[in-house]
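Descriptive analysis of the structure
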Amino acid sequence: MKLPLSNRLKACCQYVRPGDRVADIGCDHGYLGIHLLQSGIASKVIASDVKEGPLHSAVVNAHKFGVEDRISFYLSDGARNIPRDFDCMVCAGMGADTMISILEAAPWLRDSKYRLILQCQSKRPELRKYLAQAGFSISRETLAQDGKFLYPVMEVSYGPDTVPAPWEYYISPQLLADHSPLFPAFLARVIGGLDESLKGLQREGGEKYEAVNEILRHLRELEGVNP
Ligand SMILES: C[S@@+](CC[C@H](N)C(=O)[O-])C[C@H]1O[C@@H](n2cnc3c(N)ncnc32)[C@H](O)[C@@H]1O
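Fair warning: this is a prediction, and the values are worked out from it, not measured in the lab. (Residues numbered from 1 in each chain as written. Predicted model: local features only at pLDDT ≥ 70, side-chain atom pairs only at ≥ 80, totals over all residues.)

Observations regarding the pairing of strand β2 (residues 44-49)
Counting buried positions along β2 yields five of six residues, so the element is predominantly enclosed. Pairing between strand β1 (residues 21-25) and β2: five bridges, direction parallel. Paired with Arg21 across the strands is Lys44, a residue of β2. With helix α2 (residues 31-38) bridging β1 and the parallel β2, this β-α-β connection has right-handed handedness. Inspection of the sheet shows β2 paired to strand β3 (residues 71-75) by five bridges, in the parallel sense. Each bridged residue has a counterpart across the sheet, and for Ile46 the counterpart in β3 is Ser72. With helix α3 (residues 52-64) bridging β2 and the parallel β3, this β-α-β connection has right-handed handedness. (Buried ≥ 20, exposed ≤ 12 C-beta atoms within 10 Å, placed from the backbone. Helix = DSSP H or I, 4+ residues; strand = E, 2+ residues; numbered from the N terminus. Pairing = 2+ DSSP bridges. Right-handed = clockwise from strand over helix to strand, strands pointing away.)

Re the packing of helix α7 (residues 183-202) against helix α8 (residues 206-221)
One can describe the packing of α7 onto α8 by two numbers: an axis separation of 10 Å at closest approach and a directional angle of 155°. Considered as vectors, α7 and α8 are oriented roughly antiparallel to each other. Here α7 and α8 pass one another in a crossing that is left-handed. From α7, Leu187, Val190, Ile191, Leu194, Asp195, Ser197, Leu198, Leu201 and Gln202 reach across to α8, where they touch Lys208, Tyr209, Val212, Asn213, Ile215, Leu216, Leu219 and Arg220. Tallied by class, residues from the contact of α7 with α8 come to eleven nonpolar, three polar and three charged. (Axes fitted to C-alpha atoms, helices over the stretch in contact; angles between N-to-C directions. Parallel < 35°, antiparallel > 145°, perpendicular 65-115°, else oblique. Left-handed = near helix turned anticlockwise from the far one by under 90°. Contact = placed C-beta atoms within 7 Å. Nonpolar A, V, L, I, M, F, W, Y, C, P; charged D, E, K, R; others polar.)

Some points on the nonpolar core
Of all hydrophobic cores here, the largest spans 53 residues; its most connected members are Cys12, Val22, Leu32, Met89, Val90, Cys91 and Met99. Ranked by residues supplied to this core, first place goes to strand β4 (residues 88-94) with six residues. Sequence-distant contacts of Val22, defined by excluding residues within four places in its chain, comprise Val16, Gly33, Leu36, Ala42, Val45, Phe86, Cys88 and Val90. Grouped together as the second largest cluster of nonpolar side chains are eight residues, Tyr170, Leu187, Val190 and Ile215 included. (Core = buried A, V, L, I, M, F, W, Y, C linked by C-beta atoms within 7 Å.)

Points about the site of the ligand
Close to the ligand lie 16 residues, the nearest being Gly26, Asp28, Val50, Ala92 and Gly93. Listing elements by their share of the shell around the ligand, those giving two or more residues are β4 and α4 (96-104). With three residues, the single largest contributor to the shell around the ligand is β4. Counted by class, the shell around the ligand contains eight nonpolar, four polar and four charged residues. (Near = placed C-beta within 6 Å.)

Considerations on the domain arrangement of the protein chain
For the protein chain, the domain assignment lists domain 1 (7-161) and domain 2 (181-227). Computed over C-alpha atoms only, the centres of domain 1 and domain 2 are separated by 29 Å. (Domains from an automatic or database assignment.)

Here's the deal with the environment of Val22
By secondary structure assignment, the location of Val22 is in strand β1. Taking C-alpha positions, Val22 is 6.1 Å from Asp87, a pair spaced 65 residues apart along the chain.

What to know about the sheet that holds β2
In spatial order, the strands read β3-β2-β1-β4-β5-β7-β6; together these seven strands make up an open sheet with mixed pairing. Lying at the two open borders of the sheet, with one neighbouring strand each, are β3 and β6 (136-146). Direction aside, neighbouring strands of the sheet carry axes that sit 20° apart on average. Running over the sheet, α3 touches β2 and β3 and is turned about 170° from β3.

Structure representation (structure tokens):
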């Protein structure tokens, strides 16, 4: 039976290195870890979820796809109750608030030996800002498309970076450097969202309006730059 792996999760897998020991936090169905083991990319996988139901489905799927000998399961809020002997942690399909609380609760992840692969569903500028302030840097960022949705996926590790400009929390230099064919459509959506925010702020004006306007001005300069 073929594993139903979304393009979003395939993009996460691209940042896993051969032989990596991978921790999949919020594994749900467990497909990401199962794919990494089936394809021989990961050497072992820690699959964890905060809820029993999803974790159980990961256990069932691991047996169904014959990888149960190389995957271990943990009921855990974030990285609290998982072993720390892994190379790469994947957090996919969660919003920024959840990811930030997971990272905040695990200060031991602030160590350059860990790579984090983050696929955030909402409030991505807030996540990028948090990462920069916490001392993490984005090494690579790319885009994936499933249906009409576009998803940024980033590879992050602990280590110094230059302080990003406010518009770089919306479009990171790493995403710009990725030259994805999906980039123009993604940029248009980011600009469209900010345009809407600006309309809401127009009446009151002030500092917030000016700040959003300035971000938009910089993002519009990227239109046509990265086809
Ligand atoms: C939308 S699913 C995403 C599943 C999979 N990672 C993917 O991207 O397809 C989110 C999963 O994260 C789990 N989750 C939410 N908050 C969590 C937390 N604090 N710690 C661990 N898992 C969490 C949920 O129970 C759910 O199974």
